[in-house]
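Commentary on secondary and tertiary structure
Below, each chain spelled out in residue letters.
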2 protein chains.
Amino acid sequence: MNPDILKERRNATFDVEKLTHILDGSPERTRRKREIETMVFNDPDFQEEDPNFLSRSERYDQAVRKSAQMIQKLREYGIADPDEILIYKSCVHPGRLEPLDLHLGMFLPTLLNQATPEQMDRFFMPAWNLEIIGTYAQTEMGHGTHLRGLETTATYDPATQEFVLNSPTISSIKWWAGGLGKTSNHAIVLAQLFSHGHSHGLHAFIVPIRHMSTHEPLPGIVVGDIGPKFGFSEVDNGFLKLENVRIPRENMLMKHAKVEPDGSYVKPASTKLTYGTMVFIRSLIVGQSALSLAKACTIVIRYSVVRHQSEIRAGEPEPQILDYQTQQYKLFPLLATAYAFKFVGQYMKATYNRIIGDISQGDLTELPELHAMSAGLKAFTTWSANSAIEVCRMSCGGHGYSCSSALPDIYVQFTPTCTYEGENTVMMLQTARYLLKSYRQVKAGQQLSGIVSYLNEHERVQPQPVSARPTVVDLNNLSSLAEVYKLRAAILVELAAKSIQQELQSRKSQEDAWNNSSIDLVRASDAHCHYIVVKLFTDKLGEIGDTAIHSVMSTLALLYALHGIKNNSGDFLQAGLLNVPQILQVSVRIKELLAQLRPNAVALVDAFDFPDNMLKSVLGRYDGNVYENLFEWARRSPLNRTEVHESFHKYLKPLRAKL
Amino acid sequence: MNPDILKERRNATFDVEKLTHILDGSPERTRRKREIETMVFNDPDFQEEDPNFLSRSERYDQAVRKSAQMIQKLREYGIADPDEILIYKSCVHPGRLEPLDLHLGMFLPTLLNQATPEQMDRFFMPAWNLEIIGTYAQTEMGHGTHLRGLETTATYDPATQEFVLNSPTISSIKWWAGGLGKTSNHAIVLAQLFSHGHSHGLHAFIVPIRHMSTHEPLPGIVVGDIGPKFGFSEVDNGFLKLENVRIPRENMLMKHAKVEPDGSYVKPASTKLTYGTMVFIRSLIVGQSALSLAKACTIVIRYSVVRHQSEIRAGEPEPQILDYQTQQYKLFPLLATAYAFKFVGQYMKATYNRIIGDISQGDLTELPELHAMSAGLKAFTTWSANSAIEVCRMSCGGHGYSCSSALPDIYVQFTPTCTYEGENTVMMLQTARYLLKSYRQVKAGQQLSGIVSYLNEHERVQPQPVSARPTVVDLNNLSSLAEVYKLRAAILVELAAKSIQQELQSRKSQEDAWNNSSIDLVRASDAHCHYIVVKLFTDKLGEIGDTAIHSVMSTLALLYALHGIKNNSGDFLQAGLLNVPQILQVSVRIKELLAQLRPNAVALVDAFDFPDNMLKSVLGRYDGNVYENLFEWARRSPLNRTEVHESFHKYLKPLRAKL
């Protein structure tokens, strides 16, 4: 063990293990998590070559091998709880998506939700046994966000009782679906349904795309890999071009809508239920923001106590770089953010589970609010974590650029969350739509409940001098800070509403008024989400009994809240929520909090409890023995397989004669 | 040509070609640039396989091949002007560094600057003819920023008149030098010189590392590639471990300092001159910030007029995504930034050339200011461009993640500029040191000249209500805005100075006071650099005669300045430089400027004049024919070489039987 990191651990003021239990949910969950981790990491079948040293085809090959083994072993060991499967999977493919993700995460669940009993009989067990490997082909080359714009067609032919599927244009080629390129032999294809010359909108169809035995593409199917990407090297994201592909009528997923043999169309009962799935996936993404940022923080903070550089005091040994105030100022607010997002993720999961119960009893009242909240929080947390991960990477200096740090990988694996499952700006505007609707309801005299109830009070938050405000802000009190965040959100919602109003007054249409106010709308959503995060972090503190942990968590929460105020000080000053001396005081307090957190920094990342096998980072090793392992890692670089690279003989040596 | 992009070009209000001339410096330069571009892009010897489809070893191989051909052709065609060589090189290796970069950019220049005439005879011509291929090995595994901390030793042995070089620890292994891993047979090694038991600090030594004919590592040399990185796949950044490696005394670069045969040491005359090189390299990096951001803007803005998505008005066709206000708000300030940095780069290059003249006549007075300015501006521009490139990438939606967009490559190639040639936070603190020194001089009654002369006026910028200020800010007047940026910088320098003072008053040492104020110091530097950029952009407008171009450039400059105020509104409010109604007005003005720039957006990126062969982006094609080419590109993905990937037969098919 590196002596620096040992010393850090001795300085901690709280019990790391207990904090891990809080993060995991209970001591029992921590125990079981570690049991599964040990199971995978000690299994020789899951040993892998470092993907950084492989070609893309080899990476894909290795991932398929491990996924196949994983499926087998999950059954063998009888692991069936969804949370446990996720843990197992995250050990088999640490931090990486894999070729079977869409089969497991979209194809099977879609069958469960949308297949008729007859379809379940035909497709589910073969899919469960990986005879059928499926994917979910929704986005097209020219269409992502706007589902109604999808161009793929499924035209019913009553003569043969078949659907004829087509990609009528280049831009209609299905694009991006994971596992579509090489792995899947079936795809659930989203297509515009036509019957008797009428369009009935988007529906889902099960389309066989490859031969069950030879795996060759079937007639009319043009399928392949969409090529290298920023990350995701293990996944064969694919394209699919359909040329008069015929499937039986019974391959349309018909649990809800139907096409009768004669071609007549039967509408689905309700469409609102699909909201639930979106909420669920977005809450998973919030959890992923926390997880990825926690990994990045673990790596950079451990490295920052091992790395010594430059000097603070002349003549003394080079200090640990975590002793520089600038380094603390870069990293500790991000550490606070990682904790904040952990708790937001926990809250969303719990709320989802609670509401799912209501939904199953037909009570959909809370769904719109949850849907709006999940959209905004997905955007808010992924944007924050995305830039934060890069700050962590760059705070490692040169070694942060080496793949051995794992930070480049963490970034490229994470950054797509800003775009998939709802592009972030679109998400922010969805939340804004809900906020504006709520605002108008208040204006019309309604009393709101739930998270937006603060809009009821909008009358009292007109910009005015701080002296005239009823609220006295205590910068050391989290509830008081949550309150100013709330008022800021209310004011920014009002500002966006006014912008729309002004546009309408200058004779713009509703739609143009919305577009011309969208900068303000995004800002309002952002402030709303920021408020929710501060509030949930504050609420969480109430659940923590252990005094030592409560104390360090309070410091983190305070730092999170004050740092957000500092970065958005214009909003708080502009609205008269804080005055200039208070803003100056915020900066002073932040410095104090940084110093206060310094001794606990390593313990706080240790509590995330990532085994080295999961982090896969030389810089983030638990034992802190960075340099010898960096050398060890480098020597395994494929370019070092031979002492002399062939290019010397091919190009450099012959050149001498010519010059 | 895609009709959308054609329409955009017709809407432009200015002559694109004339703006290109301004960016290039003159019509003649544009002409010559294009001549060289044609020369390279039409040369069959420089045809390449898309590196995205190659393994790392193949990428390295291809780069060596092209570099070797480049050297030959540059001589054949007699291209010797440094600017022209840079253009030629940027076409041969578009947007990518290559294995010979350090040979050309560091090894040869270091010989020129530090070798004795005898050493020039021995090394220069062989290096010029690529018999000797060299690199510059400075950073070590454990040491980057702090040169005095380097551990490699060169101990003089008078008995044999040799230096004995050693890497005494793991952390002292030379690390990161480009071309060191596989390409070079010599390295200039920075090492601590010892003679007669005395240490004489860092000096440079020419060390043969590989056999001239077999290219095998020499005895005592452990050399290799440091492994895969975030980008830079063409470069064999390397490690070098020295184990009692003996070189003749004459291999120490002795133009300045010397070791006599008996081991006595002769000091160099002055060390200040090396400042010049640093300034030069940092000014190049500022230019690179502009270039990389300009490329990213070109890609995303062209794509944003070709891409149609969602709806603004119900029932109408999907709009171009550049018609969304949120998209304009993301991109146009970045376009303005790219132009701003272009002009800053031009200014720095011109200033450097002017001062170099002074230096050669022994006049070093301007050097410290230029040195401080170049440090801060390097950090300011690379940080801005770094995050801006990612915003561009993510503004392309899903396709921004595909390597076909070229945006992932632009990012990974650019991001190291934030760390190399001076880590950015360290750079900001260097500038801060100069600002604080200047501030103290003013306090001591001195009158400053040059860019920091605004500190003379610090007395009048004490925080006070706006009403009491002499300055009336006109939000439509750039000089007036430059003035408030200046006052903001002055106030933040003062704030940092006060923080140091307070620390000292609570009995902290000078050094701890500095460290405990470093957040404020970085902020002051940042504000200082921001002011310089606004000022230089404003100054540049005075040089533009063409009315139409002047008009669109003024709009861009105004947007740059107002956007910066909006993002830092807290600073301006806090200091009483602007009041709340003005800040609200800034937001309104920004929206107007976005609408004003919209028709010129494509023309403004066309003016950067990147040929398609340079951009290498399917999304950024000049003709806008994105979709058909995206499909074309994807089909070339290596995973599509066979219809069925071997992993199907190896893992998936056998699995069926087992489940």
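Residues numbered from 1 in each chain as written. Chains lettered and ligands numbered in written order. Predicted model: local features only at pLDDT ≥ 70, side-chain atom pairs only at ≥ 80, totals over all residues. Heavy atoms only, no water.

1. A few points about the overall build of chain A
Basically, it comes down to this: Helix and strand assignments follow DSSP, with helices taken as H or I runs no shorter than four residues and strands as E runs no shorter than two, numbered in order from the N terminus. For a compact globule the rule gives 2.2 Å times the number of residues to the power 0.38, and the radius of gyration it is set against comes from C-alpha atoms. Categorising residues by exposure relies on relative accessible area from a 1.4 Å probe, with only protein chains included: less than 20% of the type maximum marks a residue as buried, more than 50% marks it as exposed, and the intermediate range marks it as partly exposed. Should any heavy atoms of two residues lie within 4.5 Å, those residues are considered in contact. Positive charges come from Lys and Arg alone, negative charges from Asp and Glu alone, with His and the N- and C-terminal ends not counted. Lysine's charge is taken at NZ, arginine's at CZ, aspartate's at CG and glutamate's at CD.
In terms of regular secondary structure, chain A is built from 22 helices and 11 strands. Against the compact-globule benchmark of 26 Å for 659 residues, chain A has a radius of gyration of 27 Å, which places it among compact chains. Its C-alpha atoms give chain A principal-axis dimensions of roughly 85 × 80 × 65 Å. In chain A, which comprises 659 residues, the share counted as buried stands at 61%. Of the contacts formed within chain A by residues at least 6 apart in sequence, a portion of 72% connects residues at least 24 apart. If the 68 positive side-chain charges of chain A are averaged to one point and the 71 negative ones to another, these points end up 4 Å apart.

2. As for the pairing of strand β1 (residues 134–137) of chain A
All names here are of chain A. The criterion, for reference: Pairing between strands is defined by DSSP: at least two bridges between the two strands are required.
Residues Gly134 and Tyr136 line one face of β1 and the alternating positions Thr135 and Ala137 line the opposite face, and both faces are buried. As defined by bridge partners, β1 adjoins strand β5 (residues 186–195) across four bridges and the pair is classed as parallel. Paired with Ala137 across the strands is Val189, a residue of β5.

3. Structural notes on unusual backbone geometry
All names here are of chain A. Its identity is not glycine, yet Phe232 carries a phi of approximately 60 degrees, on the positive side. Mapped onto the fold, Phe232 is located in the loop between β7 (221–225) and β8 (238–242). Here Phe232 falls in the buried class, since its relative accessible area comes to 9%. For Lys616, which is not a glycine, the phi torsion comes out positive at approximately 55 degrees. Inspection of the secondary structure assignment puts Lys616 in the loop between α20 (612–615) and α21 (626–635). Among the residues examined, Lys616 registers a relative accessible area of 38% and is labelled partly exposed.

4. A word on the nonpolar core
The condition is simple: We call a set of buried residues a nonpolar core when its members are Ala, Val, Leu, Ile, Met, Phe, Trp, Tyr or Cys and they connect through side-chain atoms within 4.5 Å of each other.
In this structure, Tyr339(A), Met553(A), Tyr339(B) and Met553(B) are the most contacted members of the largest nonpolar core, which totals 324 residues. Setting aside its immediate chain neighbours within four residues, Tyr339(B) contacts Leu19(B), Leu23(B), Phe537(B), Met553(B), Leu556(B), Leu604(B), Ala607(B) and Phe608(B).

5. Side note on the interface of chain B and chain A
Let me state the cut-off plainly: Here, a salt bridge means any Lys or Arg side-chain nitrogen found within 4 Å of an Asp or Glu carboxyl oxygen. Any pair of nitrogen or oxygen atoms within 3.5 Å is treated as a polar contact; in protein, a donor-acceptor pairing is required on top of that, and neighbouring residues in sequence qualify only through side-chain atoms on both sides. Under this grouping Gly is polar, as are all residues other than the nonpolar Ala, Val, Leu, Ile, Met, Phe, Trp, Tyr, Cys and Pro and the charged Asp, Glu, Lys and Arg.
Chain B puts 133 residues into the contact, and the matching count from chain A is 132 residues. Linking chain B with chain A are 10 salt bridges, by the criterion used here. Of the charged contacts, one joins Lys330(A) and Glu423(B) as a salt bridge, the two residues approaching to 3.8 Å between their closest N and O atoms. Summed over the shared surface of chain B and chain A, the number is 70 residue pairs in polar contact (both at pLDDT 80 or more). The dominant element in the side of chain B that touches chain A, judged by the number of residues it contributes, is helix α22 (residues 646–658) of chain B, at 11 residues. Looking at side-chain class alone, the side of chain B that touches chain A contains 53 nonpolar, 45 polar and 35 charged residues.

6. Some details on the packing of helix α10 (residues 367–394) of chain B against helix α15 (residues 518–541) of chain B
Residue and element names in this part refer to chain B. For the record, the criterion: Lines fitted to C-alpha atoms define the axes here, with helix axes fitted over just the stretch in contact, and angles between the N-to-C directions of these axes take values from 0 to 180 degrees. Note on terminology: angles under 35 degrees are roughly parallel, angles over 145 are roughly antiparallel, angles of 65 to 115 are roughly perpendicular, and the others are oblique.
Where α10 meets α15, the axes come as close as 9 Å, and the angle between the chain directions of the two elements is 90 degrees. Considering their axes alone, α10 and α15 lie roughly perpendicular with respect to each other. Between α10 and α15, the contacting residues are Met373, Gly376, Leu377 and Phe380 on the first element and Asp526, Cys529, His530, Ile532 and Val533 on the second. Among the residues forming the contact of α10 with α15, the class breakdown is six nonpolar, two polar and one charged.

7. Comments concerning the relation of the copies chain B and chain A
Our working rule: In this comparison the copies share one frame, found by least squares on the C-alpha atoms of residues holding pLDDT of at least 70 in both.
When chain B is fitted to chain A, the residual RMSD is 0.0 Å, and the transformation amounts to a turn of 180 degrees plus an axial shift of 0.0 Å. These values place the two chain copies in the arrangement generated by a two-fold rotation axis. No C-alpha of chain B approaches the rotation axis more nearly than that of Gly570(B), which lies at 1.8 Å. Taken as a fraction of all interface residues of chain B, those also at the interface in chain A reach 99%, which identifies the copy contact as same-surface.

8. Notes on the sheet that holds β7(A)
Strand order in the open sheet made by the three strands is β4-β8-β7 (chain A), with antiparallel pairing throughout. Taken across any chain shown, the strands that pair with only one partner, and hence form the sheet edges, are β4 (174–177) and β7 of chain A. In this sheet, neighbouring strand axes are inclined to one another by 20 degrees on average, regardless of whether the strands run parallel or antiparallel. Two strands pair when backbone bridges link them, and β7(A) and β8(A) are joined in this way by five bridges, in the antiparallel orientation. Note that in β8(A) the partner of Ile221(A) across the bridge is Leu242(A). Docked against the sheet, helix α21 (residues 626–635) of chain B engages β4, β7 and β8 of chain A, running at close to 115 degrees with respect to β8(A).

9. Concerning the sheet that holds strand β8 (residues 238–242) of chain B
With antiparallel pairing, three strands are arranged side by side in an open sheet as β4-β8-β7 (chain B). If you trace the sheet from one side to the other, it starts and ends with β4 (174–175) and β7 (221–225) of chain B, each paired once. Contacting β4, β7 and β8 of chain B, α21(A) crosses the sheet at an angle of about 115 degrees to β8(B).

10. Digging into the pattern of salt bridges
Residues and elements named next belong to chain A. For the structure shown, the criterion picks out 94 salt bridges over all chains. Glu243 is the salt-bridge partner of Lys241, the closest N and O atoms lying 2.7 Å from each other. Residue classification places Lys241 among the buried positions, given a relative accessible area of 18%.

11. Looking at the packing of aromatic side chains
The geometry of an aromatic ring pair is captured by the separation of the ring centres together with the interplanar angle, meaning the angle of the planes. Selection criterion: Ring pairs shown here join Phe, Tyr and Trp side chains whose ring centres sit within 6.5 Å, with only the six-membered ring taken for Trp; geometry is labelled stacked below 30 degrees between planes, edge-to-face above 60, and tilted in between. Counting as a charge over the ring demands two things of the Lys NZ or Arg CZ atom: a distance within 6 Å of the ring centre and an angle within 35 degrees of the ring normal.
This structure, assessed with the given rule, holds 36 aromatic pairs over all chains. Centroid distance Phe341(B) to Phe380(B): 6.3 Å. Interplanar angle 65 degrees. Geometry classified as edge-to-face. A residue pair is termed long-range when its members are at least 10 positions apart, and Phe341(B) in helix α9 (residues 325–360) and Phe380(B) in helix α10 qualify at 39 residues. Exposure remark for Phe341(B): the relative accessible area of 0% places this residue in the buried category. The rings of Tyr339(A), Phe343(A), Phe537(A), Phe608(A) and Phe610(A) are connected pair by pair, giving a single aromatic cluster. Positioned above the aromatic ring of Tyr622(B), the side-chain terminus of Arg9(B) is 3.6 Å from the ring centre.

12. Description of the packing of helix α13 (residues 478–505) of chain B against helix α16 (residues 547–567) of chain B
All names here are of chain B. Formally: Left-handed describes a crossing whose near helix is turned anticlockwise from the far helix through less than a right angle; right-handed describes the clockwise counterpart.
Where α13 meets α16, the closest approach of the two axes is 10 Å, and the angle between their N-to-C directions is 30 degrees. Comparing the axis directions of α13 and α16 gives the class roughly parallel. Here the hand of the crossing between α13 and α16 comes out left-handed. For the pair α13 and α16, contact is made by Leu478, Leu481, Val484 and Tyr485 and by Ser554, Ala557, Leu558, Tyr560, Ala561, Leu562, Gly564 and Ile565, respectively.

13. Overview of helix α4 (residues 56–76) of chain B
Side chains of residues three or four places apart in an α-helix project in the same direction, reflecting 3.6 residues per turn. Heads up, the rule is: What a helix should span is 1.5 Å times the count of its residues minus one.
Helix length check: α4(B), at 21 residues, gives a terminal C-alpha distance of 30 Å against a target of 30 Å (1.5 Å per residue), a fit within 8%. Within α4(B), 15 of the 21 residues are buried, which leaves the element mostly enclosed by the surrounding structure.

14. As for the environment of Lys540(A)
Residues and elements named next belong to chain A. Locating Lys540 in the fold gives a position in helix α15 (residues 518–541). We classify Lys540 as buried; its relative accessible area is 12%. For Lys540 and Lys330, which are 210 residues apart along the polypeptide, the C-alpha to C-alpha distance reads 24 Å. What Lys540 contacts, discounting residues up to four positions off in sequence, is Ile22, Phe343 and Gln346.

15. A look at helix α2 (residues 16–24) of chain B
Residue and element names in this part refer to chain B. Restricting attention to buried positions, one finds in α2 the residues Leu19, Thr20, His21, Leu23 and Asp24. Residues of α2 that are buried sit in contact with α3 (27–41), α9, α16 and α19 (601–606). The backbone nitrogen of Glu17 has a side-chain oxygen 3.0 Å away, supplied by the residue at the start of α2, namely Asp15. Positioned one or two residues after α2, Gly25 has a phi angle of 115 degrees, which is positive.

Function-wise, these values are silent; they only describe arrangement.
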